[in-house]
Amino acid sequence: YKCRRGLVDASAPIIIDSQHVANAFSGQVLLEPPTEETEREFREQARKFGFNAEDYIKAFREIPVVTKKQFIAGISYLAGLANLVADIGLTRKRELEALADARATGETARALLNASQDITFLLDPSGQIITLNEKTAETLRISHPDVAKGKSIRDYIPADVASLRFEKLDSA
């Protein structure tokens, strides 16, 4: 937007998840050095609104003068930065939501696992414990199911039983 006295400002939309949620604003600047006529108009405006004319003109002379190309580049950068920050925030929000969902799913799975009074556990192909239920922890004299995570099941069962079980798994 350019006012009749030559001051320019602009805005760029901030879009989050395909929704226009805010605007980034920049300005006011001049796109060319002010003329004596422009300064006279600003003096007249100061008098009209009851401002101290000298202070008003001093502030007017401090208005940045930039090229149109510089101004467009500046507002584009500002809008891009604002959208980048918005995207990072949206990504983080989605990560936190996914983490909460995963925790809820994990808690549900844990509750189902613990509801069983059978010895129940999950191992990775090498025999590392992924998870086990409370009944298994109690039977193997493990203080808490989480204590065994990542450890080898071979550490908890007799060697002859372990070799027999893994022999069957290896041959399958």
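For every chain, the first residue of the written sequence is number 1, and numbering continues from 1 along that sequence. Residues qualify for local features only when their pLDDT is at least 70, as the model is predicted, and side-chain atom pairs are given and counted only at 80 or more; totals for whole chains, interfaces and linings, by contrast, use all residues. Processing note: side-chain calculations cover all non-hydrogen atoms of the structure and skip hydrogens and water entirely.

**Student:** Would you explain the packing of aromatic side chains in this entry?
**Tutor:** Describing an aromatic ring pair means giving the distance of the ring centres and the angle of the ring planes. Think of it this way: a Phe, Tyr or Trp ring, Trp meaning its six-membered ring, pairs with another when their centres are within 6.5 Å, and the plane angle makes it stacked under 30 degrees, edge-to-face over 60, tilted otherwise. Applying the stated criterion across every chain yields a total of 4 aromatic pairs. Judged by centre distance (6.2 Å) and plane angle (40°), the rings of F42 and Y56 are tilted. Of the two residues, F42 is situated in helix α1 (residues 36-49) and Y56 in helix α2 (residues 53-61); the sequence distance between them amounts to 14 residues. Across the pair, Y56 and F42 agree in class, each one buried. An aromatic cluster is built from F42, F49, F51, Y56 and F60, whose rings are joined through pairwise contacts. Note on conventions: DSSP H or I runs of at least 4 residues are helices, E runs of at least 2 residues are strands, and numbering of each starts at the N terminus. Using a 1.4 Å probe on the protein chains alone, a residue whose accessible area is under 20% of its type maximum counts as buried, one over 50% counts as exposed, and one in between counts as partly exposed.

**Student:** Just to check I follow, could you spell out the pairing of strand β1 (residues 7-16) for this structure?
**Tutor:** Along a regular strand, successive side chains alternate from one face of the sheet to the other. The pairing criterion is simple: DSSP has to find at least two bridges between the two strands. The pairing of β1 with strand β2 (residues 19-30) spans 10 bridges and is antiparallel. Residue pairing in the sheet places I14 in a bridge with A22 of β2. Counting the residues that bridge the hairpin from β1 to β2 gives 2 residues, and of these D17 lies at a positive phi of roughly 55°.

**Student:** How should I be thinking about helix α3 (residues 68-115) in this particular structure?
**Tutor:** Think of an α-helix as 3.6 residues a turn; residues three or four steps apart then line up on the same face. Between the first and last residue of a helix there are one fewer steps than residues, each counted as 1.5 Å, and that sum is the expected span. The terminal C-alpha atoms of α3, which comprises 48 residues, lie 70 Å apart, in line with the 70 Å expected from a rise of 1.5 Å per residue. Among all positions in α3, only F71, I75, A79, A82, N83, A86, L90, L113 and N114 are buried. Residue contacts are defined here by distance: any two heavy atoms, one from each residue, within 4.5 Å place the two residues in contact. Turning to α3, the residues buried within the fold contact β1, β2, β4 (129-132) and α4 (134-139).

**Student:** So what exactly am I meant to see when it comes to the nonpolar core here?
**Tutor:** As a rule of thumb, nonpolar side chains are buried together in soluble globular proteins. To qualify as a nonpolar core, a set must consist of buried Ala, Val, Leu, Ile, Met, Phe, Trp, Tyr and Cys residues joined through side-chain atoms within 4.5 Å. By size, the foremost hydrophobic cluster in this structure holds 10 residues: C3, L7, L30, F42, A46, A53, Y56, I57, F60 and I63. Among the elements of the structure, α1 and α2 are those that each provide at least two residues to this core. Look past the residues within four positions of Y56 in its chain and what remains in contact with it is F42, Q45, A46 and F51. Among the nonpolar cores identified, the runner-up in size contains 8 residues, and I129, L132, A148 and I153 belong to it.

**Student:** Can you help me understand unusual backbone geometry in this one?
**Tutor:** If a residue is not glycine, its phi is most likely negative; likewise, a peptide bond is most likely trans. Between G27 and Q28 the backbone carries a cis peptide bond, its omega angle lying at -5°. Within the secondary structure, Q28 is located in strand β2. Phi at S18 takes a positive value of approximately 65°, unusual for a residue other than glycine. Here S18 is to be found in the loop between β1 and β2. Among the residues examined, S18 registers a relative accessible area of 74% and is labelled exposed. Positive phi, close to 60°, is recorded for R141, a residue that is not glycine. Among the secondary structure elements, R141 is positioned in the loop between α4 and α5 (159-171).

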